[in-house]
Amino acid sequence: MTATEATAASRTATIRVRGEVRRPAEFAMADLWALPQHEREVAFTCRRSGPRHHRFTGPLLLDVLRRAEPVFGSGQRKDRLRYVISLRATDEHRVVLAWAEIDPEFGNCAILLGLTRDGVRLDDRGPHLVVPGDVCGARNVSGIADVRVHADLSD
Ligand SMILES: Nc1nc2c(c(=O)[nH]1)N[C@H]1C(S)=C(S)[C@@H](COP(=O)(O)O)O[C@H]1N2
Ligand SMILES: [Mo]
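Residues numbered from 1 in each chain as written. Chains lettered and ligands numbered in written order. Predicted model: local features only at pLDDT ≥ 70, side-chain atom pairs only at ≥ 80, totals over all residues. Heavy atoms only, no water.

As recorded by an unreviewed UniProt entry, the protein carries the name Molybdopterin-dependent oxidoreductase and is attributed to Actinospica durhamensis.

This is how it looks when you write it as structure tokens:
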């Protein structure tokens, strides 16, 4: 690899998906672009910067995680209620979601991994977690690097 290629490679973000999944995977932005694309607008208020408004496009977090084939024990839908999704950004900002929030049979929320924000591609920064409907912006996390699916920790 030449120095120029190495620089280009380091500028293209990837995310890792692992945990209780059959197929742990690394997704390049191009892999995420290949999934069905959705659009969502978010309007939230930050305690520091006040009202904000953005438009994102990208795949559903659900579609990305399904590619990794989460293992949920038996096929009963209520078994999925004890699974969580832990997301970590490059700056170590972290968010945990309940699997049920994105599950079509429960919350069915169209949480995205945004690949564009306000028309600008995020290829060099990594996907942006988009949680439509949140009042505060803190779950709209930029630069997602790592996603894990795991069961709750209670006995
Ligand atoms: N990676 C990362 N994403 C983050 C944060 C952060 O500290 N790190 N802060 C959040 C908070 S508190 C808010 S209000 C929004 C602000 O987004 P904006 O200023 O780009 O509209 O980003 C969110 N996403
Ligand atoms: Mo914020």
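Visitor: Got a minute to help me understand the UniProt feature "domain: Oxidoreductase molybdopterin-binding" (unreviewed entry) in the protein in this structure?
Guide: The positions UniProt marks with the feature "domain: Oxidoreductase molybdopterin-binding" (unreviewed entry) are residues 12-85. Spanning residues 12-85, this segment combines 16% helix with 42% strand, and its end C-alpha atoms are found 24 Å apart. (UniProt positions renumbered as here; feature names shortened; annotations may be inferred. Helix = DSSP H or I, 4+ residues; strand = E, 2+ residues; numbered from the N terminus.)

Visitor: What's the story with the site of ligand 1 in this structure? I'm lost.
Guide: In the vicinity of ligand 1 there are 13 residues, among which Arg-52, His-54, Asp-91, Arg-117 and Asn-140 approach most closely. A distance of 2.8 Å separates a nitrogen atom of ligand 1 from a polar backbone atom of Asn-140. In isolation ligand 1 has 530 Å² of accessible area, and contact with the protein removes 72% of it. At the level of elements, strand E3 (38-46) and strand E4 (50-58) are the ones that each hand at least two residues to the shell around ligand 1. Here the residues of the shell around ligand 1 sort into five nonpolar, five polar and three charged. (Near = heavy atom within 4 Å. Polar contact = N/O pair within 3.5 Å; in protein donor to acceptor, adjacent residues only side chain to side chain. Areas by Shrake-Rupley, 256 points an atom, 1.4 Å probe, with all protein chains shown as cover. Nonpolar A, V, L, I, M, F, W, Y, C, P; charged D, E, K, R; others polar.)

Visitor: Explain the packing of aromatic side chains here, please?
Guide: Aromatic ring pairs are reported here in terms of the distance separating the ring centres and the angle at which the planes meet. Within this structure, the stated rule accounts for two aromatic pairs. Look at Phe-72 and Tyr-83: their rings are 4.9 Å apart centre to centre, the planes differ by 80 degrees, and that puts the pair in the edge-to-face class. Taken together, the residues Phe-72 in the loop between helix H3 (61-67) and strand E5 (83-89) and Tyr-83 in strand E5 connect sequence positions 11 residues apart. The buried category is assigned to Phe-72, whose relative accessible area is 13%. Members of the aromatic cluster, connected to one another through ring pairs, are Phe-72, Tyr-83 and Trp-99. (Phe/Tyr/Trp six-rings, centres within 6.5 Å; stacked < 30°, edge-to-face > 60°. Buried < 20%, exposed > 50% of the residue type's maximum accessible area, 1.4 Å probe, protein only.)

Visitor: Explain the sheet that holds E3 to me, please; I cannot follow it from the model alone.
Guide: By way of backbone hydrogen bonds, the strands of a sheet pair with one another, either parallel or antiparallel. Taken together, the four strands give an open sheet; going across it, the order is E3-E4-E8-E9, and neighbouring strands pair in antiparallel fashion. The strands lining the two open edges of the sheet, one partner per strand, are E3 and strand E9 (120-121). Taken together, the two bridges between E4 and strand E8 (residues 116-117) define a ladder with antiparallel strand orientation. By the bridge assignment, Thr-57 is partnered in E8 with Thr-116. (Pairing = 2+ DSSP bridges.)

Visitor: I would appreciate a short explanation of the environment of Val-135 in the present structure.
Guide: Positionally, Val-135 belongs in the loop between strand E10 (128-130) and strand E11 (144-151). Of the residues examined, Val-135 reaches a relative accessible area of 69% and is grouped as exposed. For Val-135 and Trp-99, which are 36 residues apart along the polypeptide, the C-alpha to C-alpha distance reads 20 Å. If we ignore the near neighbours within four places in the chain, the residues touching Val-135 are Phe-44 and Thr-45. (Contact = heavy atoms within 4.5 Å.)

Visitor: Can you walk me through the side chain of Asp-63 in this structure?
Guide: One can find Asp-63 in helix H3. Buried Asp-63, no salt bridge; nearest opposite-charge side chain is Arg-66, N-O distance 4.6 Å. Setting aside residues no more than four positions away along its own chain, Asp-63 makes contact with Pro-36 and His-38. (Lys, Arg positive; Asp, Glu negative; His and termini not counted. Salt bridge = Lys/Arg side-chain N within 4 Å of Asp/Glu carboxyl O.)

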